[in-house]
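Residue-level structure breakdown
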Amino acid sequence: MNLFRKKSIQQLIQEAGQRDVTLKKELGAFDLSMLGIGAIIGTGIFVLTGVAAAEHAGPALILSFVLSGLACVFAALCYAEFASTVPVSGSAYTYSYATFGEIIAWILGWDLILEYGLASSAVASGWSGYFQGLIAGFGVHFPKAITSAYNPANGTYIDVPAILIVFIITMLLTQGVKKSARLNTIMVLIKLAVVVLFIVVGVWYVKPSNWTPFMPFGFSGVTTGAATVFFAYIGFDAVATAAEEVKNPQKNMPIGIIASLLVCTVLYILVSGILTGIVPYQQLDVKNPVAFALNYIHQDWVAGFISLGAIAGITTVLLVMIYGQTRLFYAISRDGLLPKVFSKVDKKKQTPMMNSWITCIVVSIFAGLVPLGRLAELVNIGTLFAFMTVSVGILYLRKNKQAPKTGFRVPFVPYIPILAFLFCGYLALQLPAISWVSFAIWLVLGLLVYFGYGRRHSTLNYKADRIKNVS
């Protein structure tokens, strides 16, 4: 059996339009840009900036963000061409089906399940912490047993707020993508306003002396910091999963992907520069570095707004990650590699209803019960692997002249895809060995699922059998 059997780009597009019930095309370039910013600005800017500065990069955190941003910009250009060429749900999984074949597509799809699924669980846990902090300010407290993941030594057994927010987000997503996009846009505007407020207030309290020494941990600290804050950029690729729900995807998908990434990169560089200018980097190893910096300069009223913005920010990340997970399941199931229940679309709402609730339950279990200590690194390695594969895919498309001449095309090929591959590969090598071991175990598990179920149920397998029977 051919493990590298492919679907042509034309076949993928035709199959997406031939179903009885399809996903509704409602999103434009602005909606996509807001989805991208919603997915990117969250835990990274409100949490990881402090840890990365204190432990890895110091004031040179700015360079860490530049390095990560460059890797993402190069990869984003490659994603934009694929999204324009193959406007079908599934993101990198679908692109790989057209370029490398089924087994590589499955590996990448399984890899993205790790990214979106476990990232959703981690973000839900982060949301729970911020939410409990906010209501504690009003004197409201949950019983300790239901405030965090399973850890009897600490007296906690289940994170109920994390589970509740996952259920609320899922209820919203099942109402249709347009309603979800509207709420996402409102919350994105709130958190952008909060980030800009921090920049406007904080810039007046910057002490250049705090930027000395600029690179206390050397350049290796900058690269380790870049690999750590890479988590802050994860999300723009989730925009690509919305392809089948976009009006004029050839034009709007590249705009949404590239615009959201550029806006976030500029904001990250400004925030990290001001943050390390206000507070000596050694003191930034806290869970809420942005609010901490404002308390440090006695701007407590702004710090309150920052906490509200952080909650809004993390909520939008969770919304887009769960959305991306459901659309990924939808695409893989439509190809027969997962059970058909994942690609069943509700006729009234035009959303994959059962898929959404199954995703909700799985994400809730991880968010509510599992302490996810090294999750950021594990999610990072999965994402970097996807970016590297997509970059190589562009070279393959051009070499085999599969891509149509219309739509967005990556400039300076082969240089941009090669740079994307090298930058992402370099960042992946900075991650700890435990991340690589965990990632390898996850991929082996995925191969067992493929050979146990996916290979036999693949729609390409059925077509091959029909052709054999006819002949």
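Data block above holds the structure.
All of the points below concern the structure found in this document. (Residues numbered from 1 in each chain as written. Predicted model: local features only at pLDDT ≥ 70, side-chain atom pairs only at ≥ 80, totals over all residues. Heavy atoms only, no water.)

**Some points on the overall build of the chain**
Threshold: Only DSSP runs of H or I with at least four residues qualify as helices, and only runs of E with at least two residues qualify as strands; both kinds are numbered from the N terminus onward. Contacts between residues were defined by any pair of non-hydrogen atoms, one from each residue, lying within 4.5 Å. Under the counting rule used here, the positive set is Lys and Arg, the negative set is Asp and Glu, and His together with the chain ends is not counted. Note that the charge is assigned to NZ on lysines, CZ on arginines, CG on aspartates and CD on glutamates.
Counting its secondary structure elements, the chain contains 17 helices and zero strands. Principal-axis analysis of the C-alpha atoms gives the chain an extent of 80 × 50 × 40 Å. Pairs at least 24 apart in sequence give 82% of the contacts found in the chain among residues at least 6 apart. In the chain, the 33 positive side-chain charges and the 19 negative ones have mean positions that sit 7 Å from each other.

**Considering the packing of helix H2 (residues 29-40) against helix H8 (residues 177-202)**
The following threshold applies: Interaxial angle, 0 to 180 degrees, is taken between N-to-C directions of lines fitted to C-alpha atoms, where a helix line uses only the stretch in contact. Relative orientations are named as follows: roughly parallel for angles under 35 degrees, roughly antiparallel for angles over 145 degrees, roughly perpendicular for angles from 65 to 115 degrees, and oblique for any other angle. Left-handed describes a crossing whose near helix is turned anticlockwise from the far helix by less than a right angle; the clockwise case is right-handed. Classes in brief: Ala, Val, Leu, Ile, Met, Phe, Trp, Tyr, Cys and Pro nonpolar; Asp, Glu, Lys and Arg charged; the others, Gly included, polar.
Packing of H2 against H8 leaves a shortest axis separation of 9 Å and a crossing angle of 60°. In terms of orientation, H2 lies oblique with respect to H8. Judged by the sense of rotation from one axis to the other, the crossing of H2 with H8 is left-handed. Residue-level inspection shows Phe30, Asp31, Met34, Leu35, Ile37 and Gly38 of H2 in contact with H8, the latter providing Lys178, Ala181, Asn184, Thr185, Val188, Leu189, Lys191 and Leu192. Class assignment for the residues of the contact of H2 with H8 results in eight nonpolar, three polar and three charged.

**Some details on the packing of helix H6 (residues 102-136) against helix H16 (residues 433-457)**
Where H6 meets H16, the axes come as close as 10 Å, and the angle between the chain directions of the two elements is 125°. It follows that H6 is oblique to H16 by the angle criterion. The handedness of the crossing between H6 and H16 is right-handed. Mapping the contact onto sequence places Glu102, Ile103, Trp106, Ile107, Trp110, Asp111, Ile113 and Leu114 in H6 and Phe439, Trp442, Leu443, Leu445, Gly446, Leu447, Val449, Tyr450, Phe451 and Arg455 in H16. Classifying every residue of the contact of H6 with H16 gives 14 nonpolar, one polar and three charged.

**As for helix H4 (residues 61-85)**
Using the following cut-off: In this analysis, the expected span of each helix is defined as 1.5 Å times one less than the number of residues it contains. Buried, partly exposed and exposed residues are distinguished by accessible area as a fraction of the type maximum, computed with a 1.4 Å probe on protein chains only: under 20%, between the cut-offs, and over 50%, respectively.
For H4, spanning 25 residues, the distance from its first C-alpha to its last is 36 Å, which sits close to the expected 36 Å at 1.5 Å a residue. Here H4 lies mainly inside the structure; 20 of its 25 residues are buried.

**Describing the packing of aromatic side chains**
Working definition: an aromatic ring pair is given by the centre-to-centre distance plus the angle between the planes. What counts is decided by this rule: Each pair of aromatic rings taken from Phe, Tyr and Trp, with Trp reduced to its six-membered ring, is defined by centres within 6.5 Å and is described as stacked if the planes are under 30 degrees apart, edge-to-face if over 60, and tilted in the remaining cases. Only when the NZ of Lys or the CZ of Arg is both within 6 Å of the ring centre and within 35 degrees of the ring normal is a charge said to sit over the ring.
A full pass over the atoms with the stated rule returns 20 aromatic pairs. Centre to centre, the rings of Tyr79 and Phe387 are 5.5 Å apart; their planes meet at 80°, and the pair counts as edge-to-face. With a gap of 308 residues between them, Tyr79 in helix H4 and Phe387 in helix H14 (residues 375-399) connect regions that are remote in the sequence. A relative accessible area of 0% means that Tyr79 is categorised as buried. In this structure Phe387 comes out as buried when scored by relative accessible area, which is 1%. A connected cluster of aromatic rings, assembled from ring pairs, spans Tyr79, Phe82, Tyr95, Phe230 and Phe387. Between the NZ or CZ atom of Lys7 and the centre of the ring of Tyr97, over which it lies, the distance is 5.4 Å.

**Focus on the side chain of Thr223**
The topology assignment puts Thr223 in helix H9 (residues 218-229). Relative accessible area serves as the criterion here: at 1%, Thr223 is assigned to the buried category. Other than its neighbours up to four places away in sequence, Thr223 contacts Leu67, Tyr426, Leu427 and Gln430.

**Here's the deal with a nonpolar patch on the surface**
What counts here: For patches, a residue must show more than 30% relative accessible area and have no salt bridge; joins then use 9 Å for like charges and 5 Å for nonpolar side chains, namely Val, Leu, Ile, Met, Phe, Trp and Tyr. Per-residue and other accessible areas were derived by the Shrake-Rupley procedure at a 1.4 Å probe size, with only the shown protein chains allowed to occlude residues. Any carboxyl oxygen of Asp or Glu that lies within 4 Å of a side-chain nitrogen of Lys or Arg is treated as forming a salt bridge with it.
Residues Tyr150, Tyr157, Phe167, Ile361, Val362, Ile365, Phe366 and Leu369 make up a contiguous nonpolar surface patch of about 710 Å² in total accessible area. Looking at the secondary structure, you find Val362 in helix H13 (residues 353-369).

**So, the pattern of salt bridges**
For the coordinates displayed, the defined rule picks out four salt bridges. Salt-bridge contacts for Glu81 lead to Arg398; the nearest nitrogen and oxygen are separated by 2.8 Å. Linking Glu81 in helix H4 with Arg398 in helix H14, this pair joins segments that are 317 residues apart in sequence. Here Arg327 makes a salt bridge to Glu245, at a shortest N to O gap of 3.0 Å. Note that Arg327 is positioned in helix H12 (residues 300-334) and Glu245 in the loop between H9 and helix H10 (249-278), a separation of 82 residues in sequence. A relative accessible area of 1% places Glu245 in the buried class.

**What to know about the environment of Leu369**
Mapped onto the elements, Leu369 comes out in helix H13. Overall, Leu369 belongs to the partly exposed group, its relative accessible area being 37%. Separated by 218 residues in the primary sequence, Leu369 and Asn151 place their C-alpha atoms 8.7 Å from one another. With sequence-adjacent residues up to four places away left out, Leu369 is seen in contact with Ala149, Tyr150, Tyr157, Ile158 and Ser364.

**Thoughts on unusual backbone geometry**
The residue after Thr212, namely Pro213, is reached through a cis peptide bond having omega -5°. Residue position: Pro213 is located in the loop between H8 and H9. Following Val413, the chain continues to Pro414 via a peptide bond in cis, the omega torsion being 15°. Note that Pro414 resides in the loop between H14 and helix H15 (415-429). The phi dihedral of Gln350 falls on the positive side, at around 55°, and the residue is not glycine. Its place among the elements puts Gln350 in the loop between H12 and H13. Phi angles above zero are rare outside glycine, and Phe412 is one such case at about 55°. In this fold, Phe412 is placed in the loop between H14 and H15. The exposure class assigned to Phe412 is exposed, which follows from its relative accessible area of 63%.

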